[in-house]
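# Working through the structure, step by step
Residues per chain are reported as follows:
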Amino acid sequence: MQPILKINLTTNETSEYIIPAKWERDYLGGASLAARLLYPILTQNLDPVSPESPLLFLNGPLSGTVGPAVGRFVVCGKSPATALWAESNCGGFWGPELRFCGYDGVWITGKAAKPVYLWINDGKIEVRQATHLWGLDTYEIQARIKNELGQTGAHILGIGIAGENGVLFANIMCDHGRAAGRTGLGAVMGAKNLKAIAVLGTKKIPLARPELFAPLRSAANRALKEDNLSHVFHDLGTASVADYADYLGAMPKKYFHSGTFDGAGKVSGSTMTETILAGISACHACVIACGRVVRLEDGTKRKGPEYETIVSFGPNLLIDDLAAITRLGEACDRYGMDTISAGGTLGLAFHLFEKGSITEMDTGGQALHWGDVKTIEKMLHLIATRKGIGEYLSQGSRRLGRHFGEEDEAVQVNGLEVAYHDPRAFSGMALVYATSPRGACHNQSEYFQVDLGQADSSLGLEFYDRHAGVEKAANVARHQDWQTVFNALVMCLFANIPAETVSSLINMACGMDYSVDYLFYIGERAWNLKRAINNRLGLTRVNDKLPKTLLEPYQEGGSAGYVPPFSKMLEAYYTARGWDPETGKPKPERLARLGLEWVVQDIWK
Ligand code: SF4
C-alpha cells in the first residue's frame, strides 16, 4: 500500500505514515486496517469532538484499480453519537483520486484555529483558509473550491452546516450526493474546523502483479455486469427492493409501528423509473451504476433518492410523494446529515407527539402531523442549525427520547438509528442490528439479501426461511465476517462477486496467496478487533439488544404476528462467535486463534 498522509491541524505539521507490512497482510485495508491503527487511541476518556480525536480516511488495496465496485473509501474514528467505534464508507470518486495522489489515506488530528480546507495535489499539500466557505452547503463548497483552485477535475469531500454545528448525525459528503452517512463523523470534522478536503492526482496505483490483475478485473467486471442483482440495481436503483420489501412487511412504516401503508407503491424504484427518472449515475468505474438522477416538476434535475432515504422520508413518515422525498433527501445532503438518522429521529418526534409526550409547547407551536412535508422541511432546518426543538432532535433519537422520558420508544441500538430493513420480516437482521460494531447498522451485513436467496453460492451460506430462528445465528456471523472483508477492501456491498474472484483480485493486487477460507479468517479477526475496541469503550453484553418496538408484532402486512426469537438467537450467536455470555467479550482462546492475543490483556484485565 501507499503511505497515509498525517496532518495535525493544530500545528499544520504533515508527515507520511508507512503502514507496517504485517498489518496490511493481517487486515487488508479500509475499516479493518483502520481498527488496527486506531486501537491504541480510541479510549473511553477520548472525547470524540476533541482535538485529540482522530479522523482517518482510508482506502482499500483495490480502491481505484478499476476492479469491480471498488471505488469507495471509509472514514473511521470514535462516534460522537454512540461513543463507540465509528466507520462509514462512501462512494463517488474521492477515494480513488486520493490514491492517484500517492496516498492510501489521510489521518487528521488536532484542530485548526480557524476554518480550513486541505488541498492535496499529488505530493503537494496545502492547508488553506476556509472562513469564506463556513456556512455553505456541501454542494456549494464543491463548486467554490474547484473554482478557487482552477481545477474542475478535483474531487472534494466536506461537511455542511450540520457538521459545523455539531449535529450528532452529521455526515461527510463528496461528489454529487455521495455520503459517508452514519455515526456522525461530520461533527468530528466540524469540531476540527475542517470544512473540506480537495484531491487531484496523476499517479499510478501500484499493483503487485499488474499483468495478471488486468485480465482478472476485466473478467470480474464483465461477470458483475451480467449478474442478476446488478441488472436490478442498474435498472431500478437500490429502491428496486421497495415493492418486495413492502409486500414482505420488511419496509418499516409510521416509525416501525405500522405493517402497511397504502402509498408505499408510489415510492418504489419501479415507480421512480416510470415517472421521474432522468438518468443514472455511478461511483468510480462501477459497472452497476445504481445512482439515480430524477427530473422534478420544475424541470430541474436532482440526485434521485436511494432506498434508505425513500423509506426514511417516505413510508416512515407516511409520505408517498417521490418529488417531496427527493427534496427532503437533498436538503439533508446539503446540510450534511445522515438521512437514516434524520428520518428516524423525526419519526420518534412524530410518534411522541401523537402519544402526547411532545406537545406544541416543546416544538415552538408547531404541530407534528404524519405526512406533513412542510413541517419536516422546517424541522430539518432546525436540526441543522440546532435551534428550538432542533437542539434535541440534533442529538439523535436515543437522547431525544431520554429528554422526553421515552428512551424506550427510540428505535435505535447503542445510539444509532435502525436502518429500514425490519427484523420482523428478516429475523437475521435482529442479530445484525444488535451486534454491529457501530450500532444498528445494515452495512455490516445485509443479511436480508441472504434470506432472499441473493447471496453468492460461493460464500458457503446455508439458506433458511426468513423467519427461521437460532439455526441461522452461525450463518449471520459468517456473513458478517465476509462483509467485513468487503469493508476492508472497500468494496461495494451491492456487488455480488464470487468469493474466489475476490481472493484472486486481492492476490494479484497485493502479492498475497490468500484462500477464501483465509479471507473469512481475516474478516473474523477484524470483526473481533472492533468488538474489543468497543469492549474497551465500555460495551458489554447488555448493549447487544433490540429496541422494544422491534420485538412487538405487526398487526397487519407481510410479517404480521411474527417477532424474532431474539434472546435464543443471541445465545446461539455468542456460541458461534466464541464470546463470553456474561460480559459480551470475545473469549481469550478465540482471540488467540485469531492472532489477537495482544488484546486479551486490555479487555480481560
Ligand atoms: S453499486 Fe452503486 S453505490 Fe455501489 S459502487 Fe456502484 S454506483 Fe456506487
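Model, not experiment: these values are computed from the prediction.

## Description of the site of the ligand
Looking at the ligand, the residues that line it are Arg-72, Arg-178, Ala-282, Cys-283, Cys-286, Ile-288, Ala-289, Cys-290, Cys-492 and Phe-494. When its residues are assigned to classes, the shell around the ligand shows 8 nonpolar, no polar and 2 charged.

## Concerning the nonpolar core
With 123 residues, the main nonpolar core has Phe-313, Met-337, Leu-346 and Leu-380 as its most contacted residues. The next biggest cluster of nonpolar side chains, apart from the first, holds 31 residues, and it includes Ala-31, Leu-37, Leu-58 and Val-600.

## Topic: the sheet that holds strand 4 (residues 73–78)
Pairing within the open sheet is mixed, and its 6 strands lie in the order 2-1-6-3-4-5. The strands lining the two open edges of the sheet, one partner per strand, are strand 2 (13–17) and strand 5 (85–90). Strand-to-strand twist in this sheet, taken as the mean axis angle between neighbours without regard to direction, amounts to 15 degrees. Across 3 bridges, strand 3 (residues 55–58) lies against strand 4 in antiparallel orientation. The residue of strand 4 that forms the bridge with Phe-57 is Val-75. The strands that helix 2 (residues 30–38) touches are strand 1 (4–8), strand 2, strand 3, strand 4, strand 5 and strand 6 (105–109); relative to strand 3, the one it contacts most, it runs at about 145 degrees.

## Digging into the packing of helix 12 (residues 322–335) against helix 15 (residues 373–385)
Close contact between helix 12 and helix 15 brings their axes to 10 Å; oriented N to C, the two are set at 5 degrees. By the angle between their directions, the pair helix 12 and helix 15 is classed as roughly parallel. In this structure, helix 12 uses Ala-324, Leu-328, Ala-331, Cys-332 and Tyr-335 to contact helix 15, whose residues at the interface are Val-373, Ile-376, Glu-377, Leu-380, His-381 and Ala-384.

## Looking at the environment of Ser-32
With respect to the helices, strands and loops of the structure, Ser-32 is situated in helix 2. The class of Ser-32 is buried, set by a relative accessible area of 1%. As a C-alpha pair, Ser-32 and Lys-266 span 234 residues in sequence and 39 Å in three-dimensional space. The contacts of Ser-32, once residues within four sequence positions are left out, are Tyr-27, Thr-484, Ala-488 and Ala-526.

## A few points about the domain arrangement of the protein
According to the domain assignment, the protein consists of domain 1 (4–200), domain 2 (237–407) and domain 3 (417–603). If you average the C-alpha positions of domain 1 and of domain 2, the two centres end up 26 Å apart. With 34 residues of domain 1 in contact, the opposing surface of domain 2 contributes 29 residues. Of the roughly 2,500 Å² buried between domain 1 and domain 2 on both sides combined, carbon and sulfur atoms contribute 57%. Together, Tyr-139, Phe-169 and Arg-182 form the three largest contributors to the area buried by domain 1 at its contact with domain 2, with a combined 26%. Our enumeration of links across domain 1 and domain 2 arrives at 2 salt bridges. Between Arg-334 and Asp-137 there is a salt bridge; the shortest N-O distance is 2.8 Å. Elements with a contribution of two residues or more to the side of domain 1 that touches domain 2: helix 3 (94–100) and helix 5 (161–164).

## Quick word on the pattern of salt bridges
Applying the stated criterion to the full structure yields 30 salt bridges. As a salt-bridge pair, Glu-406 and Lys-355 come within 3.0 Å of each other at their nearest N and O atoms. Pair noted here: Glu-406 is in the loop between helix 17 (396–403) and strand 16 (412–413) and Lys-355 is in helix 13 (residues 339–355), with a separation of 51 residues, a long-range link. For Lys-355, a relative accessible area of 45% corresponds to the partly exposed category. Here Lys-548 makes a salt bridge to Glu-552, at a shortest N to O gap of 3.6 Å. Overall, Glu-552 belongs to the partly exposed group, its relative accessible area being 34%. Each of Asp-137, Glu-297, Asp-298, Arg-302, Arg-327, Glu-330 and Arg-334 takes part in one network of salt bridges that share partners.

## So, helix 17
By the burial criterion, the buried members of helix 17 are Gly-396, Ser-397, Arg-398, Leu-400 and Gly-401. In this structure, the buried residues of helix 17 make contact with helix 13, helix 16 (390–393), strand 16 and strand 17 (416–417). Following helix 17 by one or two positions, Gly-405 has its phi on the positive side, about 70 degrees.

## A look at helix 15
The end-to-end C-alpha separation of helix 15 is 19 Å, in line with the 18 Å expected for 13 residues at 1.5 Å each. Each element contacted by the buried residues of helix 15 is listed here: helix 5, helix 11 (307–313), helix 12, helix 13 and helix 16. In the segment just after helix 15, Arg-386 is the residue with positive phi, at about 55 degrees.

## Concerning the layout of surface pockets
Quantified by volume, the second largest pocket comes out at close to 240 Å³. Taken together, Arg-398, Glu-407, Asp-408, Ala-410, Gln-412, Asn-414, Val-542, Asn-543, Lys-545, Leu-546, Pro-547 and Lys-548 make up the lining of the second largest pocket. Taken together, the residues that form the lining of the second largest pocket break down as 4 nonpolar, 3 polar and 5 charged.

## Structural notes on the sheet that holds strand 10 (residues 172–174)
Spatially, the 6 strands line up as an open sheet ordered 8-7-12-9-10-11, and their pairing is mixed. The sheet terminates laterally at strand 8 (124–129) and strand 11 (178–180), the two strands that pair on one side only. On average, each strand axis in the sheet is tilted by 20 degrees relative to the strand beside it, whichever way the strands run. Across 2 bridges, the pairing between strand 9 (residues 155–158) and strand 10 is antiparallel. Bridging from a neighbouring strand, Gly-158 pairs with Met-173 of strand 10. The strands that helix 4 (residues 140–149) touches are strand 7 (116–121), strand 8, strand 9, strand 10 and strand 12 (194–200); relative to strand 12, the one it contacts most, it runs at about 55 degrees.

## Looking at the packing of aromatic side chains
According to the stated counting rule, one finds 17 aromatic pairs in the structure shown. Each ring, one from Tyr-574 and one from Trp-579, has its centre 5.8 Å from the other, and the planes form 80 degrees; the classification is edge-to-face. Like Trp-579, Tyr-574 is buried. Here the guanidinium or amino end of Arg-36 rests over the ring plane of Trp-598, the centre of that ring lying 3.9 Å away.

## Points about the side chain of Thr-345
Of note, Thr-345 is situated in helix 13. The class of Thr-345 is buried, set by a relative accessible area of 0%.

## Concerning the environment of Phe-213
By the secondary structure assignment, Phe-213 is in helix 7 (residues 210–226). With a relative accessible area of 2%, Phe-213 lands in the buried category. The spatial distance from the C-alpha of Phe-213 to the C-alpha of Asn-507 is 8.7 Å, given a sequence separation of 294 residues. The contact partners of Phe-213, leaving out residues within four places of it in the chain, are Leu-62, Thr-65, Leu-207, Leu-505, Met-508 and Ala-509.

## Describing unusual backbone geometry
In this structure, the amide linkage connecting Leu-489 to the following residue, Val-490, adopts the cis form with an omega of -20 degrees. Topologically, Val-490 is positioned in the loop between helix 20 (473–489) and helix 21 (499–510). Even without being glycine, Lys-254 reaches a positive phi, approximately 50 degrees. Topologically, Lys-254 is positioned in the loop between helix 9 (242–248) and helix 10 (269–275). Of the residues examined, Lys-254 reaches a relative accessible area of 22% and is grouped as partly exposed. Backbone geometry at Leu-318 places phi at a positive 60 degrees, although glycine is not the residue there.

Cut-offs used in this document
- Residues numbered from 1 in each chain as written.
- Predicted model: local features only at pLDDT ≥ 70, side-chain atom pairs only at ≥ 80, totals over all residues.
- Heavy atoms only, no water.
- Near = heavy atom within 4 Å.
- Nonpolar A, V, L, I, M, F, W, Y, C, P; charged D, E, K, R; others polar.
- Core = buried A, V, L, I, M, F, W, Y, C linked by side-chain atoms within 4.5 Å.
- Buried < 20%, exposed > 50% of the residue type's maximum accessible area, 1.4 Å probe, protein only.
- Pairing = 2+ DSSP bridges.
- Helix = DSSP H or I, 4+ residues; strand = E, 2+ residues; numbered from the N terminus.
- Axes fitted to C-alpha atoms, helices over the stretch in contact; angles between N-to-C directions.
- Contact = heavy atoms within 4.5 Å.
- Parallel < 35°, antiparallel > 145°, perpendicular 65-115°, else oblique.
- Domains from an automatic or database assignment.
- Buried area = accessible area lost by both parts, 1.4 Å probe.
- Salt bridge = Lys/Arg side-chain N within 4 Å of Asp/Glu carboxyl O.
- Expected span 1.5 Å × (residues − 1).
- 1 Å grid on protein atoms, 1.4 Å probe; cavity = no way out; pocket = protein on both sides within 12 Å on 5 of 7 lines; lining within 4 Å.
- Points joined across faces, edges and corners; volume = space filled by probe spheres on them.
- Phe/Tyr/Trp six-rings, centres within 6.5 Å; stacked < 30°, edge-to-face > 60°.
- Lys NZ or Arg CZ within 6 Å of the ring centre and 35° of its normal.

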